[in-house]
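Geometric and topological summary
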Amino acid sequence: HKKRKFVAAVMLGALLIGCSMIPRTHAEVSAEVDSFENYVRTVIFTNSSAKKNKIWSARNHPRNRIPLNPEGDTNGDLWPVIVENPSDKNHPLAVWSRWDGSEYDLAWSRWGWDGAWEPITWVEQAPARAGDDLEPSIILDPTGRPYMAWWRNEGGYGRVYLSVLLSTQWMEAIPVSDSAVDCRSPAISFRGSTVRVSYRTPLGPAFTDVVLSLQDTINDDINPFESVIVGDPE
């Protein structure tokens, strides 16, 4: 009996030592590549809790996974929204609320043709200082162009904004909700050539329809929005 206890204790000790030697990743948002450095998939792993939010800290990750924002947890960045673009070999595009030292502004990156994440940059060329930009929502049109809505905390009231990715940068954001109504948590859908941005208000769901005027080619100097039509919930 004593011998069995001794053997069990030795085996347990060996198991604990072995586990302590296994590299562990506490959190990770990475692009996985194959042996030819072609994009395979996006890997999101986290063991975050209510007390300790871990999203980005890619430590001890395999060599075939390329972290997007390994310092994000240290910086206090929030969860990303990631879409894979079928028109771009399913390469991913990510947007998230990034802490800039005083508030959250939207940052973004996408997987480039050189087999790496493009440098992280701001969605807005001159990020607003009116309040935190939160809960981005992204949808791709049939050609693979990303459209994004989010809400900004403006003095305790949420206001919803919309933008579209042009060539290498996002179009200047346009507000699509009433500044006097607290509007949050937007979602986007397409209805023909119209973009519908739905959101929550204290009185219930509401939406704004945005009519598009798209040309065959879009560059960074174009504004594809023709008009904004505010609708009521169906």
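A quick note: this is a predicted structure, and the numbers were derived from the prediction, not measured.

A count of helices and strands for the chain gives two helices and 15 strands. Considering only intrachain contacts with a sequence separation of at least 6, the fraction spanning at least 24 residues in the chain is 43%. Accessible surface for the chain amounts to roughly 13,300 Å². Of this, 53% is attributable to carbon and sulfur atoms.

Further remarks concern the packing of aromatic side chains. Summed over the entire model, instances satisfying the criterion amount to seven aromatic pairs. Aromatic side chains tryptophan 111 and tryptophan 117 sit 5.6 Å apart centroid to centroid with 90° between the ring planes, which places their arrangement in the edge-to-face category. The residues tryptophan 111 and tryptophan 117 share a single accessibility class, namely buried. Both rings, one in tryptophan 150 and one in tyrosine 161, keep their centres 6.2 Å apart while their planes meet at 20°; by these two values the pair is stacked. Note that tryptophan 150 is positioned in strand β9 (residues 146-154) and tyrosine 161 in strand β10 (residues 157-164), a separation of 11 residues in sequence. Note on accessibility: tryptophan 150 and tyrosine 161 belong to one class, buried. Aromatic ring contacts, followed pair by pair, group Tyr39, Trp111 and Trp117 into a single cluster. Lying over the aromatic face of tyrosine 161, arginine 152 brings its terminal NZ or CZ to 4.4 Å of the ring centre. A cation over an aromatic ring shows up here: arginine 196 above the ring of phenylalanine 207, its NZ or CZ 3.7 Å from the ring centre.

What counts and what doesn't
- Residues numbered from 1 in each chain as written.
- Predicted model: local features only at pLDDT ≥ 70, side-chain atom pairs only at ≥ 80, totals over all residues.
- Heavy atoms only, no water.
- Helix = DSSP H or I, 4+ residues; strand = E, 2+ residues; numbered from the N terminus.
- Contact = heavy atoms within 4.5 Å.
- Areas by Shrake-Rupley, 256 points an atom, 1.4 Å probe, with all protein chains shown as cover.
- Phe/Tyr/Trp six-rings, centres within 6.5 Å; stacked < 30°, edge-to-face > 60°.
- Buried < 20%, exposed > 50% of the residue type's maximum accessible area, 1.4 Å probe, protein only.
- Lys NZ or Arg CZ within 6 Å of the ring centre and 35° of its normal.

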